[in-house]
Amino acid sequence: MFADLHLHTQFSDGTYSPEEMVTEARRHDLAALALTDHDTVEGCPRAALACQSAGIEFIPGTELTAEQADKELHILGYLIDVHNPRLLTELARFQTVRQNRIREMVTLLNQAQVPLKADAVFALANCRAPGRPHVARALVQAGLCSSLDQAFERFLKKNRPAWVPKFKMSASAAIELIHHAGGVAVMAHPGLTRSDEVIPGMVEAGLDGIECFHTKHSTATAEHYLEIADRFHLLVTGGSDCHGLSKGKPLIGTVKLPYQHVEKLKLRAEERKAAAARS
Ligand code: AMP
Ligand code: FE
Ligand code: FE
Ligand code: ZN
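These numbers come from a predicted model, not from an experiment.

Trainee: Before we move on, could you go through the layout of surface pockets and cite the residues and values that matter?
Mentor: Each pocket or cavity is described by its volume, and for the largest pocket that value is around 1400 Å³. Lining the largest pocket are 45 residues; nearest its centre among them are Glu 72, His 74, Arg 132, Phe 152 and Lys 247. Contributions of two or more residues to the lining of the largest pocket are made by β3 (57-68), β4 (71-78), α3 (85-111), α5 (132-141), α6 (148-156) and α8 (190-193). Partitioned by chemical class, the residues of the lining of the largest pocket number 11 nonpolar, 15 polar and 19 charged.

Structural data, given as structure tokens:
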């Protein structure tokens, strides 16, 4: 039995609907899956229903954008209460920041003589947590760039003409928010940022786990983070980080986490929920 604990849908920058994601999960024979859209939990109710019909265990989740020591970090929150009022208020704030950032990026593009309209990006994104991939897709759709990669390279990457920094919460605030919502906090794809120096501080802040298995982790990288998990007594997770068809081939099915790790995640969530209820 295997799980994929890192998946995106149309509710952030993926291309699958929750139902399509579940159909793909079924094709790959997954026993459990987690939906981890960026800064939102909007897709969770539909994904839960689709999983129920497909006989797949559903783990509600989100991927929060955070920072520590000036580095962008992604914190996965698992088994959170997706109706928690404070969580929803904080997410709404992030979503407003993301929407304003789209407008700022479009203004910068226009100043660079690229005639894109913000409404075109919002229409294409059709979600509350739009991001740079939606701007890139709109640029390609309008014939202003030839590919998503070109859009990032020419305009959207850090220090390019349309780059706008994004407001981020601190990693410790993200961990605290996830715990407040009764969830388990996991550092996403540490091999992408390679900022191992921030791990002890995050453990201090209550980090529960680390994503050792990820599409972009080599075997050596996975082993490195398994050792770190062992050293800091962290849970081990893994997922494909599939964004549907937006980055070429869908990645779902490329990372298969043994189910025993899901069992441990659920035990920790029970502890976190009990602690949240006490506070
Ligand atoms: P944002 O959260 O708006 O800053 O956008 C970040 C998203 O952009 C991440 O989910 C990445 O997967 C995606 N991304 C970053 N660089 C590229 C690239 N060169 N091509 C396609 N997608 C990218
Ligand atoms: Fe993404
Ligand atoms: Fe991420
Ligand atoms: Zn992700």
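Trainee: Describe the coordination of the iron ion (ligand 2), listing the residues and the values that go with them.
Mentor: The iron ion (ligand 2) binds to the protein through Asp 13 (OD), His 38 (NE2) and His 243 (NE2); the donor distances cover 2.1 to 2.3 Å. Each of the four donor atoms bound to the iron ion (ligand 2) contributes to angles spanning 85 to 125°, and the resulting shape is irregular. The sequence pattern describing where the donors of the iron ion (ligand 2) fall on their chain is D-x24-H-x204-H.

Trainee: I'd like to hear about the site of ligand 1, residue by residue, with values.
Mentor: Contacts to ligand 1 come from Asp 13, His 38, Arg 98, Arg 101, Gly 131, Arg 132, Pro 133, Asp 149, Phe 152, Lys 166, His 243 and Lys 247. Between an oxygen atom of ligand 1 and a side-chain N or O atom of His 38, the distance comes to 3.3 Å. Asp 149 is positioned such that a nitrogen or oxygen atom in its side chain is 3.3 Å from a nitrogen atom of ligand 1. Relative to its free-state accessible area of 510 Å², ligand 1 is covered by the protein chains to the extent of 78%. With respect to the pocket detection grid, ligand 1 is positioned in the largest pocket. Looking at the shell around ligand 1, the elements that each hand over two or more residues are α3, α5 and α6.

Trainee: I'd like to hear about the pairing of strand β6 (residues 184-187), residue by residue, with values.
Mentor: Burial along β6 is two-sided: the face carrying Val 184 and Val 186 and the face carrying Ala 185 and Met 187 are both buried. Across four bridges, β4 lies against β6 in antiparallel orientation. The residue bridging Leu 76 from the neighbouring strand is Val 186, located in β6. Examined bridge by bridge, β6 and strand β7 (residues 209-214) share two bridges and lie parallel to one another. From the neighbouring strand, Met 187 faces β7, where its bridge partner is Ile 210.

Trainee: Give me the lowdown on the coordination of the iron ion (ligand 3), citing residues and values where you can.
Mentor: Expected angles at a metal are 109.5 degrees for tetrahedral coordination by four donors and either 90 or 180 degrees for octahedral coordination by six donors. Listed as protein donors to the iron ion (ligand 3) are Glu 63 (OE), His 74 (ND1) and His 189 (NE2); their distances from the metal cover 2.0 to 2.2 Å. Each donor residue of the iron ion (ligand 3) lies on one chain, and together they are spaced E-x10-H-x114-H. Between the two metals, the iron ion (ligand 3) and the iron ion (ligand 2), the spacing is 5.7 Å. With His 74 in strand β4 and His 189 in the loop between β6 and α8, this residue pair connects regions lying 115 residues apart in the sequence. Given a relative accessible area of 16%, His 74 falls into the buried group. Residue His 189 is classed as buried on the basis of its relative accessible area, which comes to 8%.

Trainee: Please provide a residue-by-residue account of the pattern of salt bridges, values included.
Mentor: Under the defined criterion, the tally for this structure stands at 13 salt bridges. Sharing partners across several salt bridges, the network here consists of Asp 208, Arg 268, Glu 271 and Arg 272.

Trainee: So what's going on with the packing of helix α4 (residues 118-125) against α5? Which residues, and what values?
Mentor: Here α4 crosses α5 at 110°, and the two axes come no closer than 9 Å. In terms of their interaxial angle, α4 and α5 are classed as roughly perpendicular. Considering only the axes of α4 and α5, their crossing is right-handed. The segment α4 lies against α5, with Val 121, Leu 124 and Ala 125 engaging His 134, Val 135, Arg 137, Ala 138 and Gln 141. Partitioned by chemical class, the residues of the contact of α4 with α5 number five nonpolar, two polar and one charged.

Trainee: Give me the pairing of strand β8 (residues 235-239): which residues, what numbers.
Mentor: Counting buried residues in β8 gives five out of five residues, a clear majority hidden from the surface. Residues Leu 235, Thr 237 and Gly 239 of β8 are buried on one face, and the alternating residues Val 236 and Gly 238, pointing to the opposite face, are buried as well. Here β7 pairs with β8 via five bridges, running parallel. Bridge pairing in β8 links Glu 211 to Thr 237. Remark: the β7/helix α10 (residues 219-231)/β8 crossover connection has right-handed handedness.

Analysis parameters
Residues numbered from 1 in each chain as written. Chains lettered and ligands numbered in written order. Predicted model: local features only at pLDDT ≥ 70, side-chain atom pairs only at ≥ 80, totals over all residues. Heavy atoms only, no water. 1 Å grid on protein atoms, 1.4 Å probe; cavity = no way out; pocket = protein on both sides within 12 Å on 5 of 7 lines; lining within 4 Å. Points joined across faces, edges and corners; volume = space filled by probe spheres on them. Helix = DSSP H or I, 4+ residues; strand = E, 2+ residues; numbered from the N terminus. Nonpolar A, V, L, I, M, F, W, Y, C, P; charged D, E, K, R; others polar. Donors = N, O, S within 2.8 Å, 3.2 Å for Na, K, Ca; no water. Tetrahedral: all angles 85-135°; square planar, octahedral: opposite > 155°, others 65-115°. Near = heavy atom within 4 Å. Polar contact = N/O pair within 3.5 Å; in protein donor to acceptor, adjacent residues only side chain to side chain. Areas by Shrake-Rupley, 256 points an atom, 1.4 Å probe, with all protein chains shown as cover. Sits in = over half its atoms within 2 Å of the grid points. Buried < 20%, exposed > 50% of the residue type's maximum accessible area, 1.4 Å probe, protein only. Pairing = 2+ DSSP bridges. Salt bridge = Lys/Arg side-chain N within 4 Å of Asp/Glu carboxyl O. Axes fitted to C-alpha atoms, helices over the stretch in contact; angles between N-to-C directions. Parallel < 35°, antiparallel > 145°, perpendicular 65-115°, else oblique. Left-handed = near helix turned anticlockwise from the far one by under 90°. Contact = heavy atoms within 4.5 Å. Right-handed = clockwise from strand over helix to strand, strands pointing away.

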